[in-house]
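# Understanding the architecture of this molecule
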Amino acid sequence: MASTQSLLRVNSRITSKIAVSARNAAFIRPLSSSRLLLNQAPASEQQQEQKSKKGFPFLKTFWRLTYGSLIAATALTAYSIYDTRHPADQAKPDPSKKTLVILGTGWGSVSLLKKIDASQYNIIVVSPRNFFLFTPLLPSCTTGTVEHRSIMEPIRSVIRNKEAHVTFYEAEGTSVDYENKKLTITETDNHDNSGSTTKVLDYDYLVVGVGAQNSTFGIPGVQENACFLKEIPDAQKIRQKIMDRIESASFKNLDDEDRKRLLHTVVVGGGPTGVEFAAELQDFFEEDLRKWIPEIAKDFKVTLVEALPNVLPSFSKQLIEYTEKTFKDEKITVLTKTMVKKVTEDTVTAEATKPDGTKEIVQLPYGLLVWATGNAARPVVRDMMSRIPAQKNSRRGLLVNEYLVVEGTEGIWALGDCTATKFAPTAQVATQEGIYLAGLFNQLAQADVLESEIAQLENIARAATDEASHKTILAEVESKARKLRRTRSLLPFEYSHQGSLAYIGSDKAVADLTFWASSNFASGGRLTYLFWRSAYISMCFSTRNRLLVVMDWLKVKVFGRDVSRE
């Protein structure tokens, strides 16, 4: 009996252990499977991420670079705007320093002003306009593609951000006394009717960068009847006349001859300015005027007149042919080898040379005549040419040497369109000349400082009693003298042609670019047009100009050009 009971106890214990083990097993199995599922899920996600990384690594890198670049560009733009709007305090004029007078606020003068160390001179800027004008986009202003204030940069915002104070006079240089180093200037825009104010400025150095005025080549009627395209008022006048002629042609009582004449625009000059204006005007008609004033469509016409055998003579042959073909497709008439002889109130008389060499007289009735060719010397330049004996034989402008010093003078330099050089009268040439002169004047200032330091050291050396100190000072003098000789060894100006650009209409442009010494790259079409736009944006004077021009282009793309008269 006892043995039976003990056996039952053992069995019950074994049974209870088995039950407990079964319960534990039942509890553990689901827990293990859930852990397994949890461990498997991240593994599959990681595999997918790895696959995606392997599949599109370039796109992810490109995206990161893109938004990183956008953030960096936004930060730099914001800093540039803030820096321009919050200029630092400037050093006051120092009577002991030399006076540098800069005539003009064009490409050459402003490039010089940007690069020169203003703390080394007392700088005076004299110009009849108190702004810098980005002239390559001036044809776009005539049709409202770009507003005129978008390509103007106030000159006071330029001089206010220099290291030292720069004086500006809104006046015109009238005469130069090169022997006594005196410049006479006259106030140009007198609003209070108190009479013109004249000042005489003393200078040590004078830079003449007044540009050129329009040349009519003595052709009768051009000055009285043509519109020119060099300044903002010219673009505004053309813009008003375009709409004036169109609105006048809309009257019902005009006959066909008068309508055709009013809607015919003649552009004289096949250079970049004339070509771009003709292209902009035809775009204006095709993209905007045709929609809002459809009744003028059959009579609207643009004619480009060029005396040379082809347009854009500075471009390569294939680009010239491409431009002329594009103009033909755009229905712009191109008359080459055609020289204007006379202009009346409503007719251009020209002499055309036929392929066989014979000549014929061509009559071109017009509503608007735009003269986009020829440069002539301004009055102050003519005055200098008449006073300086070495300039007597010059006809186009001031003769300068390889350092841009005006021939027959000392302490006078000239740059840009007012000079008679082997270089073309372009903004690119004037800009490089301005940068060159800035470096030259910085060198001259550094040489003056070295001369002063050498003189002081020589005086100290004479007073020195200790032989060791005397030798040390003389060694320093010799070191500065060598540096002075290097500083005074000025290099002549050398022009580096970077290429030419021109807009030819229908969202197309041509580019004749120079790489290295002798490699040229010619391109034309819509991709070149994008390059043309990006290049002009990069060349704009300030961040403000760049943003305004981009906004103007976007505005025209969305809303079209403004067809109001004013």
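About the thresholds
Residues numbered from 1 in each chain as written. Predicted model: local features only at pLDDT ≥ 70, side-chain atom pairs only at ≥ 80, totals over all residues. Heavy atoms only, no water. Pairing = 2+ DSSP bridges. Helix = DSSP H or I, 4+ residues; strand = E, 2+ residues; numbered from the N terminus. Axes fitted to C-alpha atoms, helices over the stretch in contact; angles between N-to-C directions. Contact = heavy atoms within 4.5 Å. Buried < 20%, exposed > 50% of the residue type's maximum accessible area, 1.4 Å probe, protein only. Polar contact = N/O pair within 3.5 Å; in protein donor to acceptor, adjacent residues only side chain to side chain. Salt bridge = Lys/Arg side-chain N within 4 Å of Asp/Glu carboxyl O. Patch = residues over 30% accessible without salt bridge, like charges linked within 9 Å, V, L, I, M, F, W, Y side chains within 5 Å. Areas by Shrake-Rupley, 256 points an atom, 1.4 Å probe, with all protein chains shown as cover. Lys, Arg positive; Asp, Glu negative; His and termini not counted. Charge placed at Lys NZ, Arg CZ, Asp CG, Glu CD. Expected span 1.5 Å × (residues − 1). pLDDT = per-residue confidence, 0-100. Phe/Tyr/Trp six-rings, centres within 6.5 Å; stacked < 30°, edge-to-face > 60°.

### Some details on the sheet that holds strand β6 (residues 182-187)
Either a parallel or an antiparallel arrangement is found when strands of a sheet pair, and the pairing is made through backbone hydrogen bonds. Spatially, the seven strands line up as an open sheet ordered β7-β6-β5-β2-β1-β8-β19, and their pairing is mixed. Sheet topology places β7 (198-202) and β19 (412-414) at the edges, where each strand pairs with a single neighbour. Direction aside, the axes of adjacent strands within the sheet are offset by 35° on average. Seen against the sheet, helix α11 (residues 379-387) touches β5 (166-177), β8 (205-208) and β19 and runs at an angle of roughly 40° to β5.

### Thoughts on the side chain of threonine 303
One can find threonine 303 in strand β12 (residues 301-305). For threonine 303, a relative accessible area of 1% gives the class buried. A polar contact of 2.7 Å, which involves the side chain of threonine 303, links it to the side chain of histidine 264. In this structure, threonine 303 is in contact with His264, Thr265, Val266, Val267, Thr333 and Leu335, ignoring residues within four places of it in sequence.

### A look at the environment of leucine 548
Summarising the element assignment, leucine 548 is placed in helix α15 (residues 543-559). Leucine 548 gets classed as partly exposed once you look at its relative accessible area, which sits at 25%. As a C-alpha pair, leucine 548 and serine 150 span 398 residues in sequence and 5.2 Å in three-dimensional space.

### A word on the sheet that holds strand β22 (residues 519-525)
An order of β20-β21-β22 is seen for the three strands of this open sheet, with the pairing classed as antiparallel. Looking at which strands have only one partner, the edges of the open sheet turn out to be β20 (499-505) and β22. On average, each strand axis in the sheet is inclined to that of its neighbour by 10°, with strand direction left out of account. The pairing of strand β21 (residues 508-515) with β22 spans seven bridges and is antiparallel. By the bridge assignment, alanine 511 is partnered in β22 with serine 523. On top of the sheet, helix α10 (residues 317-329) reaches β20, β21 and β22; it is set at about 175° to β21, its chief contact. Helix-sheet contacts for helix α14 (residues 526-539) involve β20, β21 and β22, and the interaxial angle to β21 is about 70°.

### Some words on the pattern of salt bridges
Under the counting rule described, the total for this entry stands at 22 salt bridges. A salt bridge links glutamate 147 to arginine 239; the shortest N-O distance between them is 3.5 Å. Highlighted residues: glutamate 147 in the loop between α4 (138-141) and β4 (152-154) and arginine 239 in helix α7 (residues 232-249), separated in sequence by 92 residues. Since its relative accessible area comes to 14%, arginine 239 is described here as buried. Across the salt bridge formed by lysine 354 and glutamate 360, the nearest N and O atoms sit 3.9 Å from each other. Owing to a relative accessible area of 36%, lysine 354 belongs among the partly exposed residues under this scheme. Note on glutamate 360: relative accessible area 37%, which makes it partly exposed. Look at the salt bridges and you will find they share partners, linking Glu147, Arg239, Asp552 and Lys555 into a network.

### Details of a negative patch on the surface
Together, Asp255, Asp256, Glu257, Asp258, Glu345 and Asp346 make up a negatively charged patch on the protein surface. Examined against the element boundaries, aspartate 256 turns out to sit in helix α8 (residues 256-262). Residue classification places aspartate 256 among the partly exposed positions, given a relative accessible area of 49%.

### Regarding α14
Taking 1.5 Å as the rise per residue, α14 with 14 residues should run 20 Å; its terminal C-alpha atoms sit 20 Å apart, in good agreement. Taken together, the buried positions of α14 are Thr528, Tyr529, Trp532, Ala535, Tyr536 and Ile537. Buried positions along α14 lie against α9 (272-292), β20, β21, β22 and α15.

### Brief notes about the confidence of the model for the protein
Interpretation of this model should avoid reading the predicted coordinates in detail wherever pLDDT is low. Looking at the protein, pLDDT values average 87 and 88% of them are 70 or higher. Across the protein, the secondary-structure element scoring lowest on mean pLDDT is helix α1 (residues 2-55), at 47, and the one scoring highest is strand β17 (residues 368-371), at 98. Throughout residues 1-8 the model reports pLDDT below 50, and contacts reaching past four residues in sequence, or to other chains, amount to zero contacts.

### Concerning the pairing of strand β14 (residues 338-343)
In the sheet, β14 pairs with strand β15 (residues 347-353) via five bridges, with the strands oriented antiparallel. Paired with methionine 339 across the two strands is glutamate 351, which belongs to β15. From the end of β14 to the start of β15, which pair antiparallel, there are three residues.

### Focus: the packing of aromatic side chains
Aromatic ring pairs are defined here through the distance separating the ring centres and the angle between the ring planes. Evaluated as defined, the whole model comprises 18 aromatic pairs. Pairing tryptophan 107 with phenylalanine 132 gives two aromatic rings, centres 5.0 Å apart and planes at 80°, and the pair type is edge-to-face. One end of the pair, tryptophan 107, is in helix α3 (residues 107-115); the other, phenylalanine 132, is in strand β3 (residues 131-133), with 25 residues separating them in the sequence. Looking at tryptophan 107, the relative accessible area reads 17%, which means it is buried. According to the relative accessible area criterion, phenylalanine 132 is buried, its value standing at 3%. On the numbers, 5.6 Å between centres and 65° between planes, the contact of tyrosine 436 with phenylalanine 493 is edge-to-face. Residue tyrosine 436 is located in helix α12 (residues 427-463), and its partner phenylalanine 493 is located in the loop between α13 (467-488) and β20; the two are separated by 57 residues in the primary sequence. Note on accessibility: tyrosine 436 and phenylalanine 493 belong to one class, buried. Taken together, the aromatic side chains of Trp107, Phe132, Phe134, Tyr503, Tyr529, Trp532, Tyr536, Phe541 and Trp553 make up a single cluster linked through ring pairs.

### Remarks on the side chain of asparagine 122
Among the structural elements, asparagine 122 can be located in strand β2 (residues 122-127). The residues touching asparagine 122, leaving out its near neighbours within four places in the chain, are Pro93, Asp94, Pro95, Lys97, Lys98, Thr99 and Leu100.

### Section: α7
Between its terminal C-alpha atoms α7 stretches 26 Å, which fits the 26 Å expected from 18 residues at 1.5 Å a residue. For α7, the set of buried residues is Ile232, Asp234, Ala235, Ile238, Arg239, Ile242, Met243, Arg245, Ile246 and Ala249.

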